[in-house]
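One-letter residues, chain by chain:
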Amino acid sequence: MAVELCLLLLLLFCGSTISEVQPIYKPPPGTLDFGFVPAKTYDTGAYHEPGPIGILFKIVHAFLYLVQPNSFPQDLIRKLAQQKFGNTQGDYQKAIYYEIGFILSAALGLLFIFLLPLVGLCFCMCRCCDNCGGEMHQRQKKNADCQRSCFATFLFVASLIISVGVLCAYAANQHLTNQVRGAKKLVNSNFKDLKVFLNDTPAQIDYLVSQYNTTKDKALSDLNNVGTLLGNRVQEQLGKEVRPALDAALTMAGAIRETKEALENVSVSVEVLQEGTERLHANLTDVKMHLSNTLSDSACSADQAASTCNIIRNSLHQLNINANFSGLPGVSSQLAKVNDVLKIDLSSLVQKGYAAFNDTPDLVVNQTRNILSDIKNVLESVGSNISTFTKTLPVQEILADFTIYLTQSEAYVQDYFPIVEQYDFYRWLGCLILCCMLVLILVFYYLGLLCGTCGYDKHASPTTRGCISNTGGNFLMAGVGFSFLFSWVLMIVVVLTFITGGNVEKLVCEPFEDKTLFKVLDTPYLLNQHWKNYLSGILFKNPSINLTFEKVYSDCKENKGIYTSLHLEHLFNINEFLNISMYTEDVALKIEHIQINLSKIILLDEIGKENLLNFSSSGIEGINFAAYLTEINKSVTKVDLLSFANDLEARADQLPKGALENALKGHASNIRMIHNQQVVPLEQAMSTLNQSIRLLKRTSSELMVKVKNVIGAVNAAQFLINNNASLVIVQETKKYMDTIVGYFEQYVEWVKESIAMEVAACKPIANVIDTAVDIFLCSYIADSVNTFWFGLGGSSIFLIPAIIFAVKLSKYYRRMDTEDVYDDTENGNNGYHKEHLYGIHNPVFTSSVEQW
């Protein structure tokens, strides 16, 4: 009882050391790494491999199944344990039916024990009266050689079978002795594992307790980074509206700058185009005038040049400007208003809003400093409570009691093990003597067969057989005599060991292997008529708890923790002690009461908003974009000057060589120069004007609406910060709190799982049971004993045919006192022809002749 109490106290300590936490809500916090609970590997392998002799064990198991094929009698065993066996007549019938194989086999064995010595006695007395083969006279038969060969063969086969049985018995005897000698190592291994089990448990508990620091450090780290975690979360949620608003305002600030640049480009481009087109017009007029003068030359009157000159003359009207920029309205007023708007740096104001919003984490840190300090103090107090609580538990005393009990048990086993080995030696010697009895009989049989076979002379008469043949016959009769002397002793041992070993195998080993034995032990009210569940009644004094031997053994076999295996939650419920609410309520309340004021954040002040409104009223939407685009879409000149110059030069080549041709080519070169120097810059200015005008048109499209939308978004974001940020802060604070609490929940779940599966893993307990029952009792003792009686019994049974064949065969090997003699003429020379006996008085001969 003291041992049970110590065990329960030890498990109580396992749970109590981590009695600070209980899961409330399962958030998705970062996963904590608690490492692995320190655990040493148990050395004991509770499994026995018999080796080659295992084949004999399987044969014996098959034989026992033939003898006893019935299933395990659970009902009978239950009644026997409850002392109710025999209350009904059917109990004895069921028992007899179950044991019928053993009963019949034992009856045959007893019959063997009583009859064989009796038969041997009668046989000896009969032979003393010269009957039963005792008369030293052999009658001759025609098939004598065949009979002798058959008897010798049958005896040899029987001797071989007996020899195999002796070898099986000897192997089983030696196997048991070898296993007993090696059992000390297995026993020491079990004690070592039990010591590891006891010594490792405190270290495992200390490790579980120490891992609270991992949880606390992670929680403190998150608390120290409250700005990064909580502040960033708040900022991220608010940023979903704040950042787009600020981005729109910043985009509008860029649009103002782009508008100014576009207006400046329009103003400059229009001025350049106006001046350029006037200068181009004047130059083109000069070119037309000079071309007209050239075409008025008398050379154009010639027949070869007249048509060409007329074509050129008719195309001179194309040398004129196409676009007229002089009538385009100016944009100076709009530019002036935009410049006034740009006197206020809107981008800088928006950047200030960004900076103020980005300071949210710092605001959170500054406004939660006092609360976080209180939370840290709570966490430190939890750690102090754990340390204080663990010191108050009598762990060392419990472990000392267990260790003393284990040490005493080990010393007891060590002291008595030599005695066990000594008694095993006596057993081994006794079994060896039994084997030697059979070996002695076999020696006589084998020597008889050897001497009889080697010394037999088929030409010798029965009275003149040689010494070797006669000795062989005597050996056979000696074997028969010892068979009668030893067989009943051997069979007594066989019957006793058969009944004992067979029933142990069928009633203990097989039910243990398939766990049927545990089901019987778990029968309600079996071991105690007042307790439904015996194991829970012993451990918890509460027999109503469903704690079974089978479940405990299976859990320990799987190396689960002893808390799970023994269902110690009924004695000490971890869930009640792993309750973090007592510590996390204060933490949660403090975190929930965090008040963060973000009203100091100004996204865009009134000056910035006024600036945006001024930009919307700058008048750029009043620009006559259609007039600009109409002129921009026109070409600078009515004809492409390069094409005109190329055409002019080509036509000059059609004229006769002379001054007219050269003059026209000179005009073509002048036109190209005008294109390169004047038209190309004008086209570039038109491109710039086109881009700027289109930009202004896009910007001015619903400009007032765009500005109002930007201001509305900024106002909405500011309203969210000033009025609705508290809701966002509460939500994010709840998530932040859940993250902090989630670390403790992870710690609790890890502790639960560790206690259930790793702390005080009870594999050594299952190993002790397996070692005692499966290995020692079943594999070492029962299998060896069963194999011994199987070999010994088989040999004993085959002594019967061996006796018969040996007696029959000895007649053909031993030297006879008299023999049958036949006349050659009467019997066809069948029998022995003894020439040296003719004329000699031989009463046997005379009587034989008279009988014949």
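Residues numbered from 1 in each chain as written. Predicted model: local features only at pLDDT ≥ 70, side-chain atom pairs only at ≥ 80, totals over all residues. Heavy atoms only, no water.

**Topic: the nonpolar core**
For step 1, the next point in the chain: Core analysis: the largest hydrophobic core is formed by 133 residues, its most contacted members being Leu291, Leu319, Leu603, Tyr628, Leu664, Ile671 and Leu689.
For step 2, the next point in the chain: Counting residues per element, this core draws most heavily on helix H7 (residues 226-295), which supplies 21 residues.
For step 3, the next point in the chain: Residues within four places of Leu664 in sequence aside, it is in contact with Leu291, Thr294, Leu295, Ile312, Leu648, Ala652 and Leu655.
For step 4, the next point in the chain: Judged by nonpolar contacts, the second largest core, of 49 residues, contains Ala144, Met437, Leu442 and Met491. (Core = buried A, V, L, I, M, F, W, Y, C linked by side-chain atoms within 4.5 Å. Buried < 20%, exposed > 50% of the residue type's maximum accessible area, 1.4 Å probe, protein only. Helix = DSSP H or I, 4+ residues; strand = E, 2+ residues; numbered from the N terminus. Contact = heavy atoms within 4.5 Å.)

**Regarding the confidence of the model for the protein chain**
For step 1, the next point in the chain: For the protein chain, per-residue confidence averages 77 on the pLDDT scale, and 81% of positions sit at 70 or higher.
For step 2, the next point in the chain: Considering only residues more than four positions removed or in separate chains, one finds that residues 1-29, a stretch of pLDDT under 50, has 89 contacts.
For step 3, the next point in the chain: Segment residues 823-852: pLDDT under 50, and 27 contacts once partners within four positions in sequence are set aside and those in other chains are kept. (pLDDT = per-residue confidence, 0-100.)

**Quick notes on the environment of Ala306**
For step 1, the next point in the chain: Its location among the elements puts Ala306 in helix H8 (residues 303-314).
For step 2, the next point in the chain: For Ala306, a relative accessible area of 22% corresponds to the partly exposed category.
For step 3, the next point in the chain: Sequence-wise, Ala306 and Leu655 are 349 residues apart; in three dimensions their C-alpha atoms are separated by 9.4 Å.
For step 4, the next point in the chain: Those residues in contact with Ala306 that sit more than four places away from it in its chain are Cys300 and Ser301.

**Some details on the state of the cysteines**
For step 1, the next point in the chain: With the rule as written, the count across this model stands at 2 disulfides.
For step 2, the next point in the chain: Across the disulfide from Cys509 sits Cys778; the S-S distance is 2.1 Å. The S-S bond linking Cys509 to Cys778 shows a torsion near -100 degrees; that makes this disulfide left-handed. Of the two residues, Cys509 sits in helix H14 (residues 467-513) while Cys778 sits in helix H26 (residues 763-797), which places them 269 residues apart along the sequence.
For step 3, the next point in the chain: Overall, Cys509 belongs to the buried group, its relative accessible area being 6%.
For step 4, the next point in the chain: In this structure Cys436 is not part of a disulfide, and its nearest cysteine sulfur, from Cys435, lies 6.9 Å away.
For step 5, the next point in the chain: Judged by relative accessible area, Cys436 falls into the partly exposed class, the value being 42%. (Disulfide = S-S within 2.5 Å.)

**Some remarks on the packing of H14 against helix H27 (residues 799-813)**
For step 1, the next point in the chain: It is the contact of H14 with H27, at a shortest axis distance of 8 Å, that shows an interaxial angle of 160 degrees. As summarised for this structure, H14 and H27 are arranged roughly antiparallel, according to the angle between their axes. Crossing of H14 against H27: the hand is left-handed. Together, Ser469, Asn470, Gly472, Gly473, Leu476, Met477, Val480, Ser483, Phe484, Ser487 and Leu490 of H14 and Leu799, Ile803, Ala806, Val807, Leu809, Ser810, Tyr812 and Tyr813 of H27 make up the contact between the two elements.
For step 2, the next point in the chain: Looking at the contact of H14 with H27 residue by residue, the classes come out as 12 nonpolar, 7 polar and no charged. (Axes fitted to C-alpha atoms, helices over the stretch in contact; angles between N-to-C directions. Parallel < 35°, antiparallel > 145°, perpendicular 65-115°, else oblique. Left-handed = near helix turned anticlockwise from the far one by under 90°. Nonpolar A, V, L, I, M, F, W, Y, C, P; charged D, E, K, R; others polar.)

**Section: the pattern of salt bridges**
For step 1, the next point in the chain: Applying the stated criterion across every chain, the model contains 9 salt bridges.
For step 2, the next point in the chain: Between Lys260 and Glu264 there is a salt bridge, with the nearest N and O atoms lying 3.9 Å from each other. With Lys260 and Glu264 both in helix H7, this residue pair falls 4 residues apart, about one helical turn.
For step 3, the next point in the chain: Residue Asp555 pairs with Lys551 through a salt bridge whose shortest N-O separation is 2.7 Å. Taken together, the positions of Asp555 and Lys551, both in helix H17 (residues 549-557) and 4 residues apart, correspond to about one turn of that helix. (Salt bridge = Lys/Arg side-chain N within 4 Å of Asp/Glu carboxyl O.)

**Some remarks on helix H21 (residues 606-616)**
For step 1, the next point in the chain: Those residues of H21 that sit buried are Gly608, Lys609, Asn611, Leu612, Phe615 and Ser616. Projected down its long axis, H21 shows its buried positions confined to an angular sector of 155 degrees, all on one face. (Arc of directions from axis to C-beta.)

**Section: the packing of aromatic side chains**
A ring pair, where both rings are aromatic, is described by two values, the distance of the centres and the angle of the planes.
For step 1, the next point in the chain: Summed over all chains, the structure comprises 21 aromatic pairs.
For step 2, the next point in the chain: With 6.1 Å between their ring centres and 55 degrees between their planes, Phe425 and Tyr426 make a pair best called tilted.
For step 3, the next point in the chain: The class of Tyr426 is partly exposed, set by a relative accessible area of 45%.
For step 4, the next point in the chain: Here Phe776 and Tyr780 contribute two aromatic rings whose centre-to-centre distance is 5.4 Å and whose plane-to-plane angle is 40 degrees, an arrangement assigned as tilted. Placement of both Phe776 and Tyr780 in helix H26 is noted, with a separation of 4 residues, approximately one turn of the helix.
For step 5, the next point in the chain: Three or more aromatic residues joined by ring pairs make a cluster, and in this case those are Phe63, Phe102, Phe498, Trp789 and Phe790. (Phe/Tyr/Trp six-rings, centres within 6.5 Å; stacked < 30°, edge-to-face > 60°.)

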